[in-house]
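Residues per chain, in single letters:
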Amino acid sequence: MKVAIIGGGVAGCATAYYLSKAGHEVTLFERDSLASHASGFALGGINPVIPGAREPEYKAFSDYSIGLHRGLAQELADVVGGDINLIRKPSVKLVRDEAEGNELRLVYEEHATEYGYDMRWLGLGELSHIDARISSDVIGGLYIGEAFELDPYKLTLSLWQAAESRGAQMINKEVTEISVTGNRVTGVVTEGGVFEADAVAAAAGPWSGGLLGSLGIDVPVSPLRGQIIRLDAPSPPMKLSLWWDHDYATTKSDGLTWIGTTEEEVGFDDRTTDEARDRIITSAVSILPYLEDAELVQQTACLRPMTPDKMPIIDGSVGIEGLVVSTGGGRQGIALGPAMGIATAALATGGNSPVDVSAFSLGRFA
Ligand SMILES: Cc1cc2nc3c(=O)[nH]c(=O)nc-3n(C[C@H](O)[C@H](O)[C@H](O)COP(=O)(O)OP(=O)(O)OC[C@H]3O[C@@H](n4cnc5c(N)ncnc54)[C@H](O)[C@@H]3O)c2cc1C
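Predicted model only: the values in this text are computed from it and were never measured. (Residues numbered from 1 in each chain as written. Predicted model: local features only at pLDDT ≥ 70, side-chain atom pairs only at ≥ 80, totals over all residues.)

Asks: Tell me about the domain arrangement of the chain, and please be specific about residues and values.
Replies: Split by domain assignment, the chain resolves into domain 1 (2-82 + 151-221 + 308-365) and domain 2 (88-148 + 223-306). For domain 1 and domain 2, the distance between their C-alpha centres works out to 28 Å. On the side of domain 2, 24 residues touch domain 1, which itself brings 24 residues to the contact. Secondary structure elements with two or more residues in the side of domain 1 that touches domain 2: α2 (38-41) and β3 (45-46). A per-class count over the side of domain 1 that touches domain 2 returns nine nonpolar, 12 polar and three charged. (Domains from an automatic or database assignment. Contact = placed C-beta atoms within 7 Å. Helix = DSSP H or I, 4+ residues; strand = E, 2+ residues; numbered from the N terminus. Nonpolar A, V, L, I, M, F, W, Y, C, P; charged D, E, K, R; others polar.)

Asks: Quick rundown of the packing of helix α3 (residues 56-80) against helix α9 (residues 333-348)? Include the residues and the values.
Replies: α9 packs onto α3 with a crossing angle of 95° between their chain directions and a minimal axis gap of 7 Å. With respect to their mutual orientation, α3 and α9 come out roughly perpendicular. Where α3 abuts α9, its residues Phe61, Ser62, Tyr64, Ser65, Ile66, Leu68, His69 and Leu72 lie against Ala335, Leu336, Pro338, Ala339 and Ile342. Taken together, the residues of the contact of α3 with α9 sort by class into 10 nonpolar, three polar and no charged. (Axes fitted to C-alpha atoms, helices over the stretch in contact; angles between N-to-C directions. Parallel < 35°, antiparallel > 145°, perpendicular 65-115°, else oblique.)

Asks: Just give me the short version of the site of the ligand, but keep the residues and values in it.
Replies: Not every one of the 41 residues close to the ligand is listed here, only the nearest: Gly7, Gly9, Gly205, Gly226 and Gly333. If you list the elements that add at least two residues to the shell around the ligand, you get α1 (10-21), α2, β14 (222-232), β18 (295-306) and α9. Split by residue class, the shell around the ligand holds 17 nonpolar, 18 polar and six charged. Taken together, domain 1 (2-82 + 151-221 + 308-365) and domain 2 (88-148 + 223-306) each give at least three residues to the shell around the ligand, which thus spans both. (Near = placed C-beta within 6 Å.)

Asks: Summarise helix α8 (residues 274-287); cite the residues concerned and give the values.
Replies: For α8, spanning 14 residues, the distance from its first C-alpha to its last is 20 Å, which sits close to the expected 20 Å at 1.5 Å a residue. Along α8, the residues classified as buried are Ala276, Ile280, Ser283, Ala284 and Ile287. Considered in projection along α8, the buried side chains sweep an arc of 95° and stay on one side of the axis. Looking at α8, the residues exposed on the side facing more than 90 degrees away from the buried face are Asp274, Glu275, Asp278 and Thr282. (Expected span 1.5 Å × (residues − 1). Buried ≥ 20, exposed ≤ 12 C-beta atoms within 10 Å, placed from the backbone. Arc of directions from axis to C-beta.)

Asks: Quick one: what's the story with the sheet that holds strand β4 (residues 87-88), residue by residue and with numbers?
Replies: Pairing between sheet strands relies on hydrogen bonds along the backbone, with the strands arranged either parallel or antiparallel. Strand order in the open sheet formed by three strands is β3-β8-β4, and the pairing between neighbours is antiparallel. Both outer strands of the open sheet, β3 and β4, are each paired with one neighbouring strand and no more. Where β3 and strand β8 (residues 148-149) come together, two bridges link them in antiparallel fashion. Across the sheet, residue Ile46 finds its bridge partner in β8, namely Phe148. (Pairing = 2+ DSSP bridges.)

Asks: Before we move on, could you go through the environment of Ser128 and cite the residues and values that matter?
Replies: Within the fold, Ser128 resides in helix α5 (residues 124-130). Taking the C-beta count within 10 Å as the criterion, Ser128 has 14 such neighbours and is therefore assigned partly exposed. Distance in space between the C-alpha atoms of Ser128 and Ile287 is 12 Å, their sequence separation being 159 residues.

Next comes the structure, spelled out in structure tokens:
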């Protein structure tokens, strides 16, 4: 089939990857450059959902995607020869508050063996063995062994390069309209004219709502700005990624310590701000006081595609045959990217998704 994909973020590029792998003719439309928005500037933490923390369908989908990630790093290296810097990096969810600590301990006690996770409760003593620089305000943390980190820009680009090596084409233009005849999608429109296609996958991140609204399809996805600070921090690098409240700190493969983040509802404004910089640094220093001596190297901001229930939208039955909507990765869009791609590719070509996406239909917002 001839499939047009709108959006060159992780959702669009993963869709291109799986479609081209299955032998379909793929054309991807990106108005800026590939991975030039959230998919290129995310942290790249791939953390399994803590049991009981999210809806079971979401957890199953996330686990499936993490399984795909584990195979993808090698597959991508074989096809395009690049390294997406996927490493296993345990994460610890830190707590400073007794009530929150009790809640997390309960999760650990109830579910530790249920999912076969390497999950442990660590007291401050054990935490300080892992990193003696953690503040003594921290009372403990939930350690998750099977967590990963990767370079989201390299992942997105490698997915695209693998698709391209199988014949996929990119058109560097904005899609202004999705063409529909009767009840069927017939292609997309750019300033260069009409491009005909048998199916269209709309993976336009937080911009998906505007694009699909003109077809009368209400996609409740909105931009949620997040900012990250990259620091040149005193040695040694952090061996684990640390998470607390909405924030985190980890030393990435570039040798820098990345700290974040914010959740800001400011529309499509993706500029960095001094307020966010100060808040993120204050929060990180409260957990890791040694970061006071770090030097700021870079500050970035980008927009997450967020839905009201924080679950993705992956739907091939939106009332127009051949049209699939794929967005709403939210704070986990990199982790969910491969599963969003494989499901979207299957739905666009009239197949069944290999992973259950029934909980991610647009109909749930009706
Ligand atoms: C600070 C921050 C940290 C994050 N950290 C993590 C993390 O650690 N782990 C994790 O799993 N996730 C993380 N995320 C979330 C993740 O980055 C996003 O959920 C994910 O990248 C969204 O991918 P996407 O492909 O849906 O959208 P995008 O990456 O936004 O891609 C959409 C693309 O569509 C293009 N486009 C839009 N409209 C059109 C049009 N009309 N025509 C042509 N092209 C169009 C845009 O130019 C854009 O390139 C983070 C996000 C932020 C902001």
